[in-house]
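Structure at a glance
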Amino acid sequence: MSDATDTTGLPREHFDVLIVGAGISGIGAGYHIESRFPGKTYAILEARDDMGGTWDLFRYPGIRSDSDMHTLGFKFHPWTEAEAIADGPAILRYVHDTAREYGIDRNVRFNHRVVRAEWSTPDARWTVEAERTDTGETVELTCGFLFSCSGYYRYDEGYLPDFEGVERFKGVFVHPQHWPEDLDYAGKRVLVIGSGATAVTLVPAMADDAAHVTMLQRSPSYIVSLPGQDPIANFLRRVLPDKTAYAVTRWKNVFIQALVYQLCRRRPDLMKRLIRRGVMRQLPPGYDVDKHFTPKYNPWDQRLCLVPDGDLFKSISEGRASMVTDTIETFTENGIKLSSGEELEADIIVSATGLNLLVFGGISLSVDGLEVEVPKAMAYKSMMLSGVPNFAFALGYTNASWTLKVDVTCEYVCRLLAYMDERGYRQCTPQINDPSVTEEPFLDFTAGYVLRSIHKFPKQGNKQPWRLPMNYALDIRTLRYGPIEDGAMVFSSPEPGAQVTEEVEVAA
């Protein structure tokens, strides 16, 4: 088989850029590539049969954003709806509208699950292998630059603890990631296991129709109530053009997010008191806030849970929902027996116990025949891997809206591609040339879903450009305006057919 044909003997299609994933990150990447380089060819490979990623996958009751849409939305396409904390269907419409308005949808190839990518230095290109999820066929394409925008959630399965006796339960047991379309919970007793964003979303959403909803948590999370609508944003939209109003609101919210985060890190005791006081104001007098809403960790050691207009607290105050803080001893035929001896009866149990993470959507990478061991690599500017040429990935912030980071990541990728085009380079490879750089975990975050999977991720370094700042203002300075040549990025123009030397490092 020649380099120009795939496994079927047919000519391979070649693209300047291949983007993996048609969720909110991939659609954003498509916009940036298309608007900056109208002459470049690109395609977006999506494993599922529709775009939207997380917002198309999750269909559980009440699914919504856990960030305001003025920062979760795209920088280039204003969010113009009244609701700042939007539900899943509204976000999915927004992604579809964006892709259609900018012509990005024409470049999406559905039912293409990327499983492997092999880099060839002599050819200065990736050979990408994708499985057709609709036909089972294998497709090979090539590209000059590979951009992973698949997020870090594993879409085919959520995290499920090893519950004792779960097989004895005679009711309905579901995980939110695989919500049955025909599940009828009207008039039923519902028990939601979990304390994160999914649980605090499900409880008030189901409480409207269920007989009663109980939220069972092993330990509390910090929960903050914000208005579902942003009155300043809605006012600005009435007196200013949409793009201007959106930009002002976006920066207002970026500043507020950064301020809250910094206060949580620098003045945790103050923020604990403020959050506790906010919870107490929305619950009945005498409610045990310390037991059910006061975590043992500091704010932003894990992500804060957001409830729009205090809907969770309203459900509890009105008696339609209740909180139980305890651990599970075993499932029973009729519900769950707790370590305290109490038994919670339920018709439906929802295990909102979190997600599994999957690095780069499970893509296997190799460089010149050597497998890339991702956990041994170091992340360059939180978007590329040491020793891996012409490859970038988009991951959002853990302490702010996801799309803020994705936008500046896409801007940097475009700057990098333009720099290479201007100088005739065919290959760019981050290399660790500073012996004083030491390894640290990729994410400084104590959420369970991160701790379970952090060993599968690359490392970060103790200094720039290997350190992940999780700081939007710093990223703007570095990624939007900082120099491309920084001593760590190595550029080259390998001649076609050149032999690969042992100097090529993989996952250094």
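See the structure above.
Residues numbered from 1 in each chain as written. Predicted model: local features only at pLDDT ≥ 70, side-chain atom pairs only at ≥ 80, totals over all residues. Heavy atoms only, no water.

**Observations concerning the packing of aromatic side chains**
Applying the stated criterion across every chain, the model contains 28 aromatic pairs. Ring centres 6.5 Å apart and planes at 25° place the aromatic pair Tyr-419 and Tyr-425 in the stacked group. Three or more aromatic residues link up through ring pairs in this structure, and these residues are Tyr-31, Phe-74, Phe-76, Trp-79, Tyr-94 and Tyr-102. The aromatic ring of Phe-37 is capped on one face by Lys-40, whose charged end is 5.3 Å from the ring centroid. (Phe/Tyr/Trp six-rings, centres within 6.5 Å; stacked < 30°, edge-to-face > 60°. Lys NZ or Arg CZ within 6 Å of the ring centre and 35° of its normal.)

**A look at the sheet that holds strand β16 (residues 343-345)**
Strand order in the open sheet formed by 3 strands is β14-β15-β16, with antiparallel pairing between adjacent strands. Strands at the two margins of the open sheet, each flanked by one partner only, are β14 (328-331) and β16. Mean inter-strand twist for the sheet, computed between neighbouring axes without regard to direction, equals 25°. Bridging between strand β15 (residues 335-338) and β16 involves 3 bridges; their strand directions are antiparallel. (Pairing = 2+ DSSP bridges. Helix = DSSP H or I, 4+ residues; strand = E, 2+ residues; numbered from the N terminus. Axes fitted to C-alpha atoms, helices over the stretch in contact; angles between N-to-C directions.)

**Some words on unusual backbone geometry**
The omega angle of the peptide bond from Gln-464 to Pro-465 is 5°, so this bond is cis rather than trans. Mapped onto the secondary structure, Pro-465 falls in the loop between β26 (460-461) and α13 (472-480). Look at Ala-124: it is not a glycine, yet its phi comes out positive at around 50°. Mapping Ala-124 onto the fold places it in the loop between β4 (112-120) and β5 (125-132).

**What to know about the sheet that holds strand β10 (residues 212-217)**
Pairing in this open sheet of 5 strands is parallel, and the strands run β8-β17-β9-β10-β13 from one edge to the other. A strand with exactly one partner marks an edge of an open sheet, and here the two such strands are β8 (172-174) and β13 (321-325). When strand polarity is set aside, the average angle formed by the axes of neighbouring strands in this sheet is 20°. With 3 bridges connecting them, β8 and strand β17 (residues 348-351) associate as parallel partners.

**Let's talk about a negative patch on the surface**
A grouping of Glu-181, Asp-182, Asp-184 and Asp-209 is seen on the molecular surface, where their side chains present a negatively charged patch. Within the fold, Asp-184 resides in the loop between β8 and β9 (189-193). (Patch = residues over 30% accessible without salt bridge, like charges linked within 9 Å, V, L, I, M, F, W, Y side chains within 5 Å. Areas by Shrake-Rupley, 256 points an atom, 1.4 Å probe, with all protein chains shown as cover. Salt bridge = Lys/Arg side-chain N within 4 Å of Asp/Glu carboxyl O. Lys, Arg positive; Asp, Glu negative; His and termini not counted. Charge placed at Lys NZ, Arg CZ, Asp CG, Glu CD.)

**Some details on a nonpolar patch on the surface**
A cluster of nonpolar side chains, contributed by Phe-235, Val-239, Leu-240 and Val-248, occupies part of the molecular surface with about 330 Å² of accessible area. Tracing the backbone through its elements, the reader meets Val-248 in helix α7 (residues 242-266).

**Side note on the pattern of salt bridges**
In total, this model carries 30 salt bridges according to the counting rule given. In this structure, the salt-bridge partner of Arg-189 is Glu-345, at a minimum N-O distance of 3.0 Å. With a gap of 156 residues between them, Arg-189 in strand β9 and Glu-345 in strand β16 connect regions that are remote in the sequence. For Arg-189, a relative accessible area of 33% translates into the label partly exposed. With relative accessibility at 49%, the residue Glu-345 sits in the partly exposed group. Salt-bridge contacts for Arg-467 lead to Glu-440; the nearest nitrogen and oxygen are separated by 2.6 Å. Here Arg-467, found in the loop between β26 and α13, pairs with Glu-440, found in strand β25 (residues 439-440); they are 27 residues apart in sequence, far enough to count as distant. For Arg-467, a relative accessible area of 33% corresponds to the partly exposed category. Through salt bridges with shared partners, a single network forms among Arg-48, Asp-56 and Arg-59. (Buried < 20%, exposed > 50% of the residue type's maximum accessible area, 1.4 Å probe, protein only.)

**With respect to the pairing of β13**
Of all 5 residues making up β13, 4 are buried, and the element is well covered by its neighbours. Where β10 meets β13, 5 bridges bridge the pair, whose relative direction is parallel. Pairing of Thr-214 across the sheet is with Ser-322, part of β13.

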